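Listed below are the residues making up each chain.
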Amino acid sequence: MLRNIWAALLILITTSAVAQTTYVPLWAKEGWLLDRMEIKAGTNNALNLSTVKPYMRNAYVQVADSVRQLLQQNQNPWQLSAVDQYNLDRFQANNSEYSRYSTSDMPAWKSKQPFLGFLWPTKGNMIEVNNKDFYLSINPAINQQQSVEADFDKRVFVNSKGVVARGLIAQKIGFHFFLTDNQEQGPWQFRRFVDTMGAVPGAGYWKLFKSTRGVDYFDARGSVSWNVSRYINMQFGYDQQFIGNGYRSLFLSNVAPPALFLKFNTRIGKFNYTNLFSEDFPAQQLRTDRLYDRKYMATHHLSINVLPWLNVGVFESMVFGEKNAFKASYLQPVILLNTLIARKDGENNANVGLDFKANVLKQMQVYGQYLFDNLDGSDGKTGSDWWGNRHAFQLGGKYVDVLGVDNLDLQVEYNQIRPFTYSGDSVTAYSNYRQPLAHPMGANLREVVGIVRYQPLRKLYLHARASYWQQGLDSAGYSFGSNVNRLNTLRTAGGSRLREGNYPILSGIGSKGVLGSFTASYELKENLFLDANLMYRIFDTDVQARQTTTVAGLGIRWNMFRREYDY
């Protein structure tokens, strides 16, 4: 069967004759620019179809090219600031294989003097080949973070080094590759996550590094992509995904490790339809040298611009209950059909949801998500505190150029998740490698997040974030629905749940936390950042003394993301 699937993929690749796209990484600096452009444009159809991420390079570079053309004609309908226009230029330069502009049109994109005559021919790429039928860029990927944590006698550090590359063959096949070797010893909440979940946040297989508090792991990602037709793009690879418009996603986020996937993205007119099929790891004890079990998941999202300023979406995910058994039926592409079937098959775990975003006055955006995780028709039989009353919602807002200050942006977001949401058994739990696929803290929580971003100068980025949360934690031997990996059946049936009802949100051991962080980043050269960071965290529970964590650090990174500990 798998041989037949591979044959079908090869046929689709070789018969495609339409220029395809690669994808902008989730962590790329351009994400902030594209977010601002979407809000300031208000009614741009292409920008408003951005709920599913990573972004398609070709679609957004085409928008950037159109904006540049207007700017060259002394028109600025979106009121882009000087810093915005600089970021727009860098976005086009760093994605020039999809731009109608080239280094011949824009000589400033070239390096003044390539190192050794051939390295860094352009400012953003160490090695770059840009011919009619072949494009290739290769860059180092480095992240060195060194920090000090109060009341912890060891270093807090991240040591990552590797390579990142992408290419385009004959305008038909695109590819990207990212590989780093990582050693890490994180702050208190990181160490607690490793101890309690048996996993490293965002990473797959890992081992101890020298001491019992540090970890060592690889981060490998890559994909190939091609267009089946003018409107349909396919991608096959190993990477993270994100579905949402907020800081968090209650549908699918990039907090869990990368996964093997096959994705179809259909974009036509006001519609964007995504089919995502992935292979994940069940919630089993890992870090053993053996062949791990696999599980399979199908995710669908339909996004529609119902009004020029209003986008709505429908979401569905299905975690199939049979491990190590891939079936061709998993690839059916019709949204909500799996859910209708799952109501007759309790072995699968189905989630459905609705999302929206509305651009207001070309300066604000309101967004939200609502997820349902109980579709067996029994909802509410024993009241709103019944364990099976599983749902989550998000409401947030973004405000750009706050009080008329260019490139000063504010975001506020509220997330609420009822107990046992996303849970199932060891196979159907909504997790990968023991890590939640949605909110990093699991379920049974309320959270408020506030973010301020400010770019006062072209190369200076300031980022402040504060969050407050409450969560009901599990007690010894009993689940109150916070850990999505725990079996959600009654203890009398071999699970960890105590009863049928009386599970209000935040039930269990009460906990609350506050986390504040501030990061200043200066871009020394293209995609090379010097970072300074300060983090302060307070965590209280009903049964343990307050834990206060203070971390200050410096770092340097090149073509890579900064490691965050926002949980």
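For the structure, see preceding data.
I will try to describe carefully the structure that is included in this document. Numbering of residues starts from 1 in every chain and runs along the sequence as written. Confidence filtering applies because this is a predicted model: local features only for residues at pLDDT of at least 70, side-chain atom pairs given and counted only at 80 or more, and all residues used for totals across whole chains, interfaces and linings. Side-chain numbers here rest on the full set of heavy atoms in the structure, without hydrogens or water.

**Remarks on the overall build of the protein chain**
Part 1 of the reasoning: The number of helices and strands found in the protein chain is seven helices and 26 strands.
Part 2 of the reasoning: Computed over C-alpha atoms, the radius of gyration of the protein chain comes to 23 Å, within 12% of the 24 Å expected from 2.2 N^0.38 for 567 residues, which places it in the range of a compact globule.
Part 3 of the reasoning: Seen through its principal axes, the protein chain has C-alpha atoms that stretch 75 × 55 × 50 Å.
Part 4 of the reasoning: Three labels apply to residues, based on accessible area from a 1.4 Å probe with only protein chains included: buried if under 20% of the type maximum, exposed if over 50%, partly exposed otherwise in between. In the protein chain, buried positions account for 56% of the 567 residues.
Part 5 of the reasoning: What makes two residues a contact is simply this: any of their non-hydrogen atoms within 4.5 Å. Considering only contacts within the protein chain whose residues lie at least 6 apart along the sequence, 65% involve residues at least 24 apart. Each helix is a run of H or I in the DSSP string that is no shorter than four residues. Each strand is a run of E no shorter than two, and both are numbered from the N terminus. Restricting the calculation to C-alpha atoms gives the radius of gyration, and the globule rule supplies 2.2 Å times the number of residues raised to the power 0.38.

**Brief notes about the nonpolar core**
Across soluble globular proteins, you tend to see nonpolar side chains buried next to one another.
Part 1 of the reasoning: Here, the term nonpolar core denotes a set of buried Ala, Val, Leu, Ile, Met, Phe, Trp, Tyr and Cys residues that are joined through side-chain atoms within 4.5 Å. Counting residues in hydrophobic clusters, the biggest one holds 42 residues, and the most contacted among them are F190, V200, L252, I417, Y422 and Y430.
Part 2 of the reasoning: Here this core takes four residues from helix α6 (residues 188–197), the largest share from any one element.
Part 3 of the reasoning: Not counting chain neighbours up to four residues away, the residues in contact with L252 comprise Q241, F242, I243, L276, M297, Y430 and L437.

**What to know about the packing of helix α4 (residues 57–72) against helix α5 (residues 82–93)**
Packed helices, taken two at a time, are described by their axes: the angle between them and the distance between them.
Part 1 of the reasoning: Two numbers describe how α4 lies on α5: the axes approach to 10 Å, and their chain directions differ by 130°. Put simply, α4 runs oblique to α5. Helix-helix and strand crossings are classified by hand; for α4 and α5 the assignment is left-handed. When α4 is examined against α5, the residues Y60, V61, A64, D65, V67, R68 and L71 are found in contact with a partner set consisting of Q85, L88, D89, F91 and Q92.
Part 2 of the reasoning: By the convention adopted, Pro, Cys, Tyr, Trp, Phe, Met, Ile, Leu, Val and Ala count as nonpolar, Lys, Arg, Asp and Glu as charged, and the other residues, Gly among them, as polar. A breakdown of the residues in the contact of α4 with α5 according to their chemical character gives seven nonpolar, two polar and three charged. Simply put, an axis is a line fit to the C-alpha atoms, just over the touching stretch for a helix, and the angle between two N-to-C directions goes from 0 to 180 degrees. When describing relative orientation, an angle under 35 degrees is termed roughly parallel and one over 145 degrees roughly antiparallel, while 65 to 115 degrees is termed roughly perpendicular and anything else oblique. The hand of a helix crossing depends on one turn: near helix anticlockwise from the far one by less than a right angle means left-handed, and clockwise means right-handed.

**Some points on the pairing of strand β16 (residues 349–360)**
Side-chain positions along a regular strand alternate between the two faces of the sheet.
Part 1 of the reasoning: Most of β16 sits inside the fold, with nine of its 12 residues counted as buried.
Part 2 of the reasoning: Across 10 bridges, the pairing between strand β15 (residues 310–319) and β16 is antiparallel. Note that in β16 the partner of S317 across the bridge is N351. A pair of strands counts as paired when DSSP detects no fewer than two bridges linking them.

**Regarding the packing of helix α2 (residues 30–41) against α5**
Part 1 of the reasoning: Interhelical geometry of α2 versus α5 gives an angle of 120° and a closest axis separation of 10 Å. The orientation of α2 relative to α5 falls into the category oblique. With respect to the hand of their crossing, α2 and α5 are arranged in left-handed fashion. Contacts between α2 and α5 involve E30, L33, L34, R36, M37 and K40 on the former and, on the latter, D84, N87, L88 and F91.
Part 2 of the reasoning: Of the residues contributing to the contact of α2 with α5, the split by class is five nonpolar, one polar and four charged.

**Here's the deal with the side chain of R221**
Part 1 of the reasoning: For R221, the position within the fold is in strand β9 (residues 215–227).
Part 2 of the reasoning: Judged by relative accessible area, which is 10%, R221 ranks as buried.
Part 3 of the reasoning: In protein, a polar contact requires one atom able to donate a hydrogen and another able to accept it; more generally it is a pair of N or O atoms within 3.5 Å, and residues adjacent in sequence count only if both atoms are side-chain atoms. A polar atom in the side chain of R221 sits 2.9 Å from the side chain of D219.

**Quick look at a nonpolar patch on the surface**
Part 1 of the reasoning: Nonpolar side chains collect at one region of the surface, where V360, L361, M364, V366 and L395 lie side by side and expose about 410 Å² of accessible area between them.
Part 2 of the reasoning: Within the secondary structure layout, M364 lies in strand β17 (residues 364–372). Within this analysis, patches are made of residues with over 30% relative accessible area and no salt bridge. Like charges are joined at 9 Å or less; nonpolar side chains (Val, Leu, Ile, Met, Phe, Trp, Tyr) at 5 Å or less. Surface accessibility in these figures is a Shrake-Rupley result with a 1.4 Å probe; residues are shielded only by whichever protein chains are displayed. Any Lys or Arg side-chain nitrogen found within 4 Å of a carboxyl oxygen on Asp or Glu counts as a salt bridge.

**Topic: α2**
Part 1 of the reasoning: The end-to-end C-alpha distance of α2 is 16 Å, a good match for the 16 Å that 12 residues give at a rise of 1.5 Å each.
Part 2 of the reasoning: Counting buried residues in α2 gives 12 out of 12 residues, a clear majority hidden from the surface.
Part 3 of the reasoning: Among the residues of α2, E30, G31, W32, L33, L34, D35, R36, M37, E38, I39, K40 and A41 are the ones counted as buried.
Part 4 of the reasoning: One or two residues past the end of α2 sits G42, with phi positive at roughly 80°. Given the number of residues in a helix, its expected span is that number minus one, multiplied by 1.5 Å.

**Here we look at the environment of A64**
Part 1 of the reasoning: Along the chain, A64 turns up in helix α4.
Part 2 of the reasoning: Judged by its relative accessible area of 0%, A64 is buried.
Part 3 of the reasoning: Separated by 52 residues in the primary sequence, A64 and L116 have C-alpha atoms spaced 32 Å apart.
Part 4 of the reasoning: Leaving out residues up to four positions away in the same chain, A64 has contacts with L88, F91 and Q92.

**Some thoughts on the pairing of strand β14 (residues 295–307)**
Part 1 of the reasoning: The pairing of strand β13 (residues 271–280) with β14 spans 10 bridges and is antiparallel. Bridging across to β14, Y273 finds its partner in L302.
Part 2 of the reasoning: Here β14 hands over to β15 after two residues, the two strands then running antiparallel side by side.

**Here we look at α6**
Part 1 of the reasoning: Listed in full, the buried residues belonging to α6 are Q189, F190, R191, F193, V194 and M197.
Part 2 of the reasoning: Within two residues after α6, G198 carries a phi angle of roughly 70°, on the positive side.

Read these as spatial facts, not as claims about activity.
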